[in-house]
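Topology and contacts: notes
Read off the chains here:
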Amino acid sequence: MSKSRTIGWVLVIAAVGAAGYFGWQKYSDNKLAAEAAQKRAAQQRPAVPVKISPVEKADFPVYLTGLGTVQAFNTVQVRTRVDGQITKVAFKEGQFVKAGDTLVEIDPRPYQATLDQAKAKKAQDEANLANANLDLQRYTKLGEFATRQQLDTQRSTVAQLTAQITADEAAIFNAQTQVDYATVKSPIDGIVGLRLVDIGNIVNASAQTGIVTITQIEPITVIFTAPEDQLPDIKAALAVAPPKTIALTTDGKRVLSTGTLALINNQVDTTSGTVRLKAVFDNKDHALWPGQSVSTRLLVRTLKDATVVPDDAVQHGTEGLYAYSVNQENKAELRKLKVSQSIDGKSVIDEGLSPGQQVITAGQYKVSPGTLVTTAVASSDQSQSKVTQE
């Protein structure tokens, strides 16, 4: 009985082993068949069309972006310095005027009359002085026949008349100044604003209301702020040369003017943790206007020989930034990236890509690692969106 039972168990184990072998064999055949089918399907799958761009090595400017307000270089509210009636307005609202251009004329006749009186008084005193000098000469020639008192008195009269002429000259200068003030001229180059007076109005030197406001816009300034932690970089750039500053529209899409940083404010705003900066622009085309809000870019440094790719190549995933590169077999490869700077559609790659590689800039949503792709090179002219087929 014991021997029969042993033989039975051996037969059972042999049967189980045979069944397992044939099952494993069938499974392996099915797996190989599935892999072969998958490979054939992959070979028959059409390549995914994508656009690519080369990874470049280039100098990359690092800009500090912010918001600012345009401020006139000088602002003058023109007022009258004499009283009178306006007889002429010699400017048009919004006109560009130069220093010395006539703005308004005030009736000068009262001041001209005062000037004429001062001139006449001087002429009278000069005649008296001439006569007094003649008398002094006569008394001097008489010698001992003229008393010492007469001679001293005549000398005093000459001195008095000489001093009176000096006073007359001062009165003439003052009267001439009043006549000149009757013609109101521009003290600076700039744009005149809205007119605050009309022909026929009476103006007074004591009135607080001005005639017009003039703003100097050539050059012009932009006041903007920067975070205080950027102050060392800004000071270092300013120590070498005035850093380039760009003023753009508030949406950052259009450059308005290019200037240079002029100064850093002498203290940091502790409330906001920012420092105020002033940039100066030539503004010859009047693209910047006082009070206008602008976006600003301040060049703080330039990265030499940086690895640069288009922003469109950089993708955001759950594990961070990545991009797809295309290898020599036209297959996509996933590359994890570290990006340090990004501006104007370009990003600086610290890790993950090397110059000379090709990265996918469009069509990534159809791509996975190992996907076969057909490539089109993205044109450098972003505005026309042209591609060149390989």
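Rules of the game
- Residues numbered from 1 in each chain as written.
- Predicted model: local features only at pLDDT ≥ 70, side-chain atom pairs only at ≥ 80, totals over all residues.
- Heavy atoms only, no water.
- Helix = DSSP H or I, 4+ residues; strand = E, 2+ residues; numbered from the N terminus.
- Buried < 20%, exposed > 50% of the residue type's maximum accessible area, 1.4 Å probe, protein only.
- Contact = heavy atoms within 4.5 Å.
- Areas by Shrake-Rupley, 256 points an atom, 1.4 Å probe, with all protein chains shown as cover.
- Arc of directions from axis to C-beta.
- pLDDT = per-residue confidence, 0-100.
- Phe/Tyr/Trp six-rings, centres within 6.5 Å; stacked < 30°, edge-to-face > 60°.
- Core = buried A, V, L, I, M, F, W, Y, C linked by side-chain atoms within 4.5 Å.
- Salt bridge = Lys/Arg side-chain N within 4 Å of Asp/Glu carboxyl O.

**Some points on the overall build of the protein chain**
- Broken down by element type, the protein chain carries four helices and 21 strands.
- Burial statistics for the protein chain: of 390 residues in total, 31% are counted as buried.
- Taking contacts inside the protein chain between residues at least 6 apart in sequence as the whole, the part at least 24 apart equals 74%.
- Element-wise, carbon and sulfur atoms account for 52% of the exposed surface of the protein chain, whose accessible area totals about 24,200 Å².

**Things to note about helix H4 (residues 231-240)**
- Of the residues making up H4, those classed as buried are Leu231, Ile234 and Ala237. Seen end-on, H4 carries its buried residues on one side only, within an arc spanning 130 degrees. Exposed side chains of H4 directed beyond 90 degrees from the buried face belong to Pro232, Ala239 and Val240.
- On its buried side, H4 packs onto strand S2 (56-78), strand S9 (212-227), strand S11 (255-269), strand S12 (274-281) and strand S13 (293-310).

**With respect to the environment of Ile246**
- With respect to the helices, strands and loops of the structure, Ile246 is situated in strand S10 (residues 244-248).
- Classification of Ile246 by relative accessible area gives buried; the value is 10%.
- Through-space distance from the C-alpha of Ile246 to that of Arg297 is 5.1 Å; in sequence the pair is 51 residues apart.
- Residues contacting Ile246, with those up to four places away along its chain left out, are Tyr63, Val255, Ser257, Thr258, Phe281, Ser295, Thr296 and Arg297.

**Examining the confidence of the model for the protein chain**
- On average, residues of the protein chain score 85 in pLDDT, and 84% of them are at 70 or above.
- Per-element averaging of pLDDT across the protein chain places strand S21 (residues 387-389) at the bottom with 31 and strand S5 (residues 102-106) at the top with 96.

**A word on the packing of aromatic side chains**
- Enumeration according to the criterion identifies one aromatic pair in this entry.
- Taking the centre distance of 5.8 Å and the plane angle of 85 degrees together, the rings of Tyr322 and Tyr324 count as edge-to-face.
- Of the residues examined, Tyr324 reaches a relative accessible area of 7% and is grouped as buried.

**A look at the nonpolar core**
- Ile234, Leu277, Leu288 and Leu298 are the most contacted members of the largest nonpolar core, which totals 31 residues.
- Among the secondary structure elements, those contributing two or more residues to this core are S2, S9, H4, S10, S11, S12 and S13.
- Top contributing element to this core by residue count: S13, with six residues.
- Of all hydrophobic cores here, the second largest spans 24 residues; its members include Ala118, Ala182, Val192 and Ile211.

**Thoughts on the pattern of salt bridges**
- Counting across every chain of the model gives 12 salt bridges.
- Asp59 is paired through a salt bridge with Lys304; the nearest N and O atoms lie 3.7 Å apart. Taken together, the residues span a long stretch of sequence, with Asp59 in strand S2 and Lys304 in strand S13 at a distance of 245 residues.
- Between Asp233 and Arg301 there is a salt bridge, with its nearest N and O atoms 3.6 Å apart. Of this pair, Asp233 sits in helix H4 while Arg301 sits in strand S13, placing them 68 residues apart in sequence.
- Through salt bridges that share partners, Lys122, Glu126 and Glu169 make up one connected network.

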